[in-house]
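A structural walkthrough
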Amino acid sequence: MTLAKQSGIEAYNAGRYAEAERRFREAVDEARLGFPPGDPHIPSALHYLAELYRNTRRYEEAQPLYEQVLSELLEHLGDRHWMYSAALCSLAALHEAKGEYEQAVSLLETALELRRQVFSAGSYLYADTASALAAALLKQHKAAADATPSSSSGTGGGGWLRGRGKAAAAPGGVLRAIELYQAAIDIVVDAGQVAGTPVAAWLVDMAAAQQLAGQQAASVASLQQALAYMALPPVDEAGSSSSSSSSGGRDGGAPAAGDAAAAGSDAAGDGGEAAEDAVVARLKVMAQGSEVAERLVDAQLAAGDLAGARATMRAAVEARLMLYGRHLVVAKSMTRLANLLMQHPPDPSAPQLAPHFASSAVAIAENALQGAQRANLWSGMLRGALRAVSSSSAAAKASTAEAERCSERLLAALQLGNACLALAAAEGSNGRPGDAAAALRTAVGQLRWVLAAGGEDLSRLGATHGVEGSRLEQVAGLLVDLKLLQLDCLEALAGQLQGADSKPAAAAAAAPVDSSSSSSSSSSSSSSSAGGADEVAPLLAEAEQLAAQLTAE
């Protein structure tokens, strides 16, 4: 490896991309001057430069370089040289990043066959390429499904908060992806060293494919196996790989996405730094494991295993409490657990545990919402100060920070509303309609002011220069989510109040008439009913107004 190439790798890993580009260009010039035509150092240097362009999304500059690498390798070294299949995988990754899945799949098919011929169908490189091809096939399927108008799947097309539809039948690409993932997993498992490999990630992706194919029981088994592998201790032996990539285009010696982190890990010092890295890595695995547990709950529900889903969700709540403390992600998990406990047939512990988890989620979400509001106030003060000093770049940064704070506030409000709905359902199931209505009033009141503030924020951010369009789209999407949730809360509260009003009236009609108290009872009942009706009418009117806004949007 030339000095320029090594310097380029170091600059890339440090995030100094302009310097890395300059060094890689120098490496290309050095290779062409120092080696004869056909020497592998030349395409290798070009590959590094192409990978830099791809990983910094300069696709139009990367593609001709990849094609030049392939051309030179084919002319001088042949397609059986290991660098040729590596370059095919890298070019496939570029097409995949551009959404050109047909080209990506074709290139990976060729690379997979070459690696079978050169390295055998039992090699890790074959497994790595098989998993990359499987991932590309699934993306191709998803793109085709998204481009096809929704048929009668029963989901209504799906919205931000609505359920995902199911494919009517598993296409060949999905079934092939399952076969490829299974082959890749078998290769690594048969080698006897799973820890430190992407097998768990492959299992999670294969489970998603199995769900698409209607193989619910197999999906559950894959996710359970992934969690088991995530519990394995890290690999300590010298020379073992701690961060193998699951993308087939990562083995050509180029600085691919993800390699920077791997290089940083490899370069970590001994002693305290190594121990700290190990702790961070383990916490990361635990966080990933809790996310996989959420997917396992989905798979277990799809397979009809409600008891298993409840047990998995409870373990996920415990794990996330340990990892994150009183964080929104914990509130989300608690809310889901409360809903699962109440799902028919309800769990025997639901009367006690469902209100407990739901109320804990409400408290966490309320605290997060208050924190987001305080942060938003500071952001507003900072924005005003920066405008006063007329620093355009600083003001743009402040506006970006404000957009982030706005999203955080909306996310906290979303979780609060969902937790309040769960708490209301739990209290209602326990025969406490007053507590159920109180929870819904909390949700309606909080969501009402967050929606108003969020709308003002979106208008202001839209008129501010320097705010990325993607951030504005995120805020706009969250506002729609919040309106949908507020609609649910308004209707639930109106229904709760109407139900509470109807019970005293029904009881009065069924009770014997006492002439001495009939007048006062009738007066009291009429007053109570009128009060409930007075509160219900504006709630329903507000719900109709929200529905009209959503229809217009």
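Scope of this entry: the structure provided in the associated data block. A quick note: this is a predicted structure, and the numbers were derived from the prediction, not measured.

Digging into the packing of aromatic side chains
Applying the stated criterion across every chain yields a total of three aromatic pairs. Relative to Tyr 17, the ring of Tyr 12 has its centre 5.4 Å away and its plane inclined at 55°; by these criteria the two rings are tilted. With a centroid separation of 6.5 Å and an interplanar angle of 25°, the aromatic rings of Tyr 124 and Trp 202 are classed as stacked. With Tyr 124 in helix α7 (residues 124-147) and Trp 202 in helix α9 (residues 199-212), this pair connects stretches of sequence that are 78 residues apart. Here Tyr 124 falls in the partly exposed class, since its relative accessible area comes to 31%.

A short note on the nonpolar core
Judged by nonpolar contacts, the single largest core of 74 residues is most densely connected at Val 199 and Trp 202. Counting residues in each nonpolar core, the second largest holds 64 residues, with Met 313, Ala 419, Val 475 and Leu 497 among its members.

Focus: the packing of helix α3 (residues 41-55) against helix α4 (residues 59-76)
At a minimum axis distance of 8 Å, the contact between α3 and α4 shows a crossing angle of 160°. As summarised for this structure, α3 and α4 are arranged roughly antiparallel, according to the angle between their axes. In this structure, α3 meets α4 at a crossing whose hand is left-handed. Residues Ile 42, Pro 43, Leu 46, His 47, Leu 49, Ala 50, Glu 51, Tyr 53 and Arg 54 of α3 touch α4, and the partners they reach there are Tyr 59, Glu 61, Ala 62, Leu 65, Tyr 66, Gln 68, Val 69, Glu 72 and Leu 73. Class assignment of the residues belonging to the contact of α3 with α4 gives a composition of twelve nonpolar, two polar and four charged.

Some remarks on unusual backbone geometry
In the segment running from His 344 into Pro 345, the intervening peptide bond is cis, with an omega of -5°. On the secondary structure map, Pro 345 appears in the loop between α14 (328-342) and α15 (350-389). Backbone geometry places Arg 57, a non-glycine residue, at a positive phi of 65°. In this fold, Arg 57 is placed in the loop between α3 and α4. On the accessibility criterion, Arg 57 (69% relative accessible area) is exposed. The phi dihedral of Ser 120 falls on the positive side, at around 90°, and the residue is not glycine. Tracing the sequence through the fold places Ser 120 in the loop between α6 (101-119) and α7. Residue classification places Ser 120 among the partly exposed residues on the basis of a relative accessible area of 35%.

Observations concerning the pattern of salt bridges
Applying the stated criterion across every chain yields a total of 26 salt bridges. Between Glu 61 and Arg 58 there is a salt bridge; the shortest N-O distance is 2.8 Å. Relative accessible area serves as the criterion here: at 34%, Glu 61 is assigned to the partly exposed category. Classification of Arg 58 as partly exposed rests on a relative accessible area of 27%. One salt bridge in this structure joins Arg 405 and Glu 404, with 3.8 Å as the shortest N-O distance.

Re the environment of Pro 433
With respect to the helices, strands and loops of the structure, Pro 433 is situated in helix α17 (residues 433-462). Looking at Pro 433, the relative accessible area reads 32%, which means it is partly exposed. Each C-alpha atom of the pair Pro 433 and Gln 496 lies 7.2 Å from the other, and the pair is 63 residues apart in sequence.

Quick notes on the rules
All residue numbers here refer to positions counted from 1 along the written sequence of the relevant chain. With the structure being a predicted model, the display of local features is reserved for residues of pLDDT at least 70 and the display and counting of side-chain atom pairs for 80 or more, all residues being used for whole-chain, interface and lining totals. The side-chain values count all of the structure's non-hydrogen atoms but skip hydrogen atoms and water molecules. Centre distance within 6.5 Å is the pairing criterion for rings of Phe, Tyr and Trp, where only the six-membered ring of Trp is used; planes under 30 degrees apart are then read as stacked, over 60 as edge-to-face, and the remainder as tilted. Numbering goes from the N terminus for both helices and strands, where a helix is a DSSP run of H or I of at least four residues and a strand is a run of E of at least two. We call a residue buried when its accessible area falls under 20% of the maximum for its residue type, exposed when it is over 50%, and partly exposed in between, using a 1.4 Å probe and counting protein chains only. Side-chain atoms within 4.5 Å link the members of a nonpolar core, which is a set of buried Ala, Val, Leu, Ile, Met, Phe, Trp, Tyr and Cys residues. Convention adopted: a line fitted to C-alpha atoms gives each axis, helices being fitted over their contacting stretch, and angles between N-to-C directions are expressed from 0 to 180 degrees. Angles are sorted into four bins: roughly parallel if under 35 degrees, roughly antiparallel if over 145, roughly perpendicular if 65 to 115, and oblique for all others. A crossing counts as left-handed when the near helix is turned anticlockwise from the far one by less than a right angle, and as right-handed when that turn is clockwise. Contacts are residue-level and defined by heavy atoms, with any inter-residue pair within 4.5 Å sufficient. We call Asp, Glu, Lys and Arg charged. Ala, Val, Leu, Ile, Met, Phe, Trp, Tyr, Cys and Pro are nonpolar, and the rest, Gly among them, are polar. Any Lys or Arg side-chain nitrogen located within 4 Å of an Asp or Glu carboxyl oxygen qualifies as a salt bridge.

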